[in-house]
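# Commentary on secondary and tertiary structure
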Amino acid sequence: MASLQDQLLKAGIVDAGKAKKISKEKRKQARRQPKGHQQLDETRELAQRTQAEKAERDRELNRQQQAVNEKKAIQAQIIQLIKMNRIDRSAGEVPYQFTDGRKIKKLHVTTQLQNELSRGRVAIAKLGESYELVPAAAARKIMQRDEQVIVLLNTNEPLGTDENDPYAQYQIPDDLMW
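Analysis parameters
Residues numbered from 1 in each chain as written. Predicted model: local features only at pLDDT ≥ 70, side-chain atom pairs only at ≥ 80, totals over all residues. Heavy atoms only, no water. Helix = DSSP H or I, 4+ residues; strand = E, 2+ residues; numbered from the N terminus. Buried < 20%, exposed > 50% of the residue type's maximum accessible area, 1.4 Å probe, protein only. Contact = heavy atoms within 4.5 Å. Areas by Shrake-Rupley, 256 points an atom, 1.4 Å probe, with all protein chains shown as cover. Pairing = 2+ DSSP bridges. Axes fitted to C-alpha atoms, helices over the stretch in contact; angles between N-to-C directions. Phe/Tyr/Trp six-rings, centres within 6.5 Å; stacked < 30°, edge-to-face > 60°. Arc of directions from axis to C-beta.

## Re the overall build of the chain
Summing up its helical and strand segments, the chain has five helices and five strands in all. Along the chain direction, N to C, the helices and strands of the chain fall in the order α-α-α-β-β-α-β-β-α-β. Here the chain, with 178 residues, has 18% of them falling under the buried criterion. Counting only contacts in the chain whose residues sit at least 6 apart along the sequence, the fraction spanning at least 24 positions is 50%. Split by element, the accessible area of the chain, about 15000 Å² in all, is 50% carbon and sulfur.

Structure, rendered in structure tokens:
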């Protein structure tokens, strides 16, 4: 098969003088460039690009590892706060019911702890599969780290009254148990 230049010459599209001039110009350009120069630049560029991609991957892996380490540290802090501040409820006789997600759970507490829970001075925190009572100050510190650990922390804020509420005129007794 003939080269493109030969085919163009046979077809009469390009004359012989112009074809010689073009081939001569190509040879001059080839002599001006040192051998392997273009290949060396491409190799260097490919190496730099590969190195930049590797550095970016390394940075991303570093960020992910730091996020995992930070999460572990926060969990350790939460566990430490709960264990250091837990309130003993072993003498509890009064059942106190609360919700954890969609489930109703029950703890046996003393009458004093029941009052403290209802007033918001004591909170219930989830530690693994068990529940612990912690002071409200410790519960707020825990909530800054992870809000899902604190299952119950009552507030003393008054609820907004609804104008259409048919039971608005009735007072709710303080000792109401559900």
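So much for the structure itself; the text now carries on.
## Concerning the sheet that holds strand β5 (residues 150–152)
Taken in spatial order, the three strands make up an open sheet running β4-β3-β5, and their pairing is antiparallel. Sheet topology places β4 (130–135) and β5 at the edges, where each strand pairs with a single neighbour. Averaged over all adjacent pairs, the angle separating strand axes in this sheet is 40°, with direction ignored. Relative to β4, strand β3 (residues 122–127) runs antiparallel, the two sharing six bridges. In the sheet register, Ala123 faces β4, and the bridge partner there is Val134. Taken strand by strand, helix α4 (residues 111–119) contacts β3, β4 and β5, and its axis lies near 95° from that of β3.

## Quick word on the packing of aromatic side chains
Under the criterion given, the structure shown has one aromatic pair. Pairing Phe98 with Tyr131 gives two aromatic rings, centres 5.2 Å apart and planes at 75°, and the pair type is edge-to-face. Of the two residues, Phe98 is situated in strand β1 (residues 94–100) and Tyr131 in strand β4; the sequence distance between them amounts to 33 residues. As far as burial versus exposure is concerned, Phe98 and Tyr131 are alike and both buried.

## Some thoughts on α4
Residues of α4 that are buried include every one of Leu113, Gln114, Glu116 and Leu117, and no others. In an axial view of α4, the angular spread of the buried residues amounts to 165°, which keeps them on one side of the axis. Next to the buried residues of α4 lie β1, β2 (103–109), β3, β4 and β5. One or two positions beyond α4, positive phi appears at Gly120, with a value near 90°.

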